[in-house]
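What the coordinates show
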Amino acid sequence: MAPKLSPDGRRLRAIIIATPFLVVSSVILYKRLVLGEEQRLLPKGPSEEVKMRMAILEAEREAARRKA
């Protein structure tokens, strides 16, 4: 097990871990506020392709049930 870090070591570790999050979130915020980029949204439901695949699978299952 690694030895305990000193308070300065813990502070440095926190800075090293937090810095990438700070940079990325700042870039995203800059793009939204200054450049006017729209917020990315998650899709609300399955895409059309997924709906078609689900319909095909359901039709295949129904055909298999009728044969049995």
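Presented here is a report on the structure given in the accompanying data block. (Residues numbered from 1 in each chain as written. Predicted model: local features only at pLDDT ≥ 70, side-chain atom pairs only at ≥ 80, totals over all residues. Heavy atoms only, no water.)

1. Focus: the overall build of the protein
Operational definition: Going along the chain from the N terminus, every DSSP run of H or I of four or more residues is numbered as a helix, and every run of E of two or more is numbered as a strand. A radius of gyration in this sense is built from C-alpha atoms; the matching globule rule multiplies 2.2 Å by the number of residues raised to 0.38. Note on exposure labels: buried denotes an accessible area under 20% of the residue type's maximum, exposed denotes more than 50%, and partly exposed covers the range between, all computed with a 1.4 Å probe on protein chains only. We treat Lys and Arg as the positive residues and Asp and Glu as the negative residues; His and chain ends play no part in the count. Taken as the charge location is NZ of Lys, CZ of Arg, CG of Asp or CD of Glu.
Across its full length, the protein holds two helices and zero strands. Taken over the C-alpha trace, the protein has a radius of gyration of 25 Å; the compact-globule value for 68 residues is 11 Å, which it surpasses by more than 25%. Dimensions of the protein, computed from the C-alpha atoms along their principal axes, are close to 70 × 45 × 10 Å. Counting all 68 residues of the protein, 0% fall into the buried class. Within the protein, one finds 14 positive and 8 negative side-chain charges whose respective centroids are separated by 9 Å.

2. A few points about a nonpolar patch on the surface
For clarity, the cut-off: A patch consists of residues whose relative accessible area exceeds 30% and which take part in no salt bridge; residues with like charges are grouped when within 9 Å of each other, and nonpolar side chains (Val, Leu, Ile, Met, Phe, Trp, Tyr) when within 5 Å. Each accessible area is a Shrake-Rupley estimate made with a 1.4 Å probe; only the visible protein chains count as cover when residues are assessed. Think of a salt bridge as a Lys or Arg side-chain nitrogen and an Asp or Glu carboxyl oxygen that are within 4 Å of each other.
Taken together, the side chains of L29, Y30, L33, V34 and L35 present a nonpolar region at the surface, about 550 Å² in accessible area. Position of L35 among the secondary structure elements: in the loop between helix 1 (7–33) and helix 2 (48–67).

3. Here's the deal with the pattern of salt bridges
Enumeration over the complete set of coordinates arrives at five salt bridges. For the salt bridge of R53 with E49, the shortest nitrogen-to-oxygen distance reads 2.6 Å. Placement of the pair is R53 and E49 together in helix 2, with a separation of four residues, close to one helical turn. Its relative accessible area of 49% is what places E49 among the partly exposed residues. Between E58 and R61 there is a salt bridge, with its nearest N and O atoms 3.8 Å apart. In this pair, E58 and R61 both sit in helix 2, three residues apart, roughly one turn of the helix.

4. Quick look at helix 1
Side chains that are three or four residues apart share a direction in an α-helix, a result of its 3.6 residues per turn. As a reminder, the rule being used: Expected span of a helix: the number of residues minus one, times 1.5 Å. Working definition for bend: take the seven residues up to and ending at a residue and the seven starting at it, fit an axis to each, and measure the angle between the axes.
Under the 1.5 Å per step criterion, the end-to-end length of helix 1 is 37 Å for 27 residues, consistent within 8% with the ideal 39 Å. The largest bend along helix 1 measures about 35° and falls at A18, with the proline P20 one to four residues further on.

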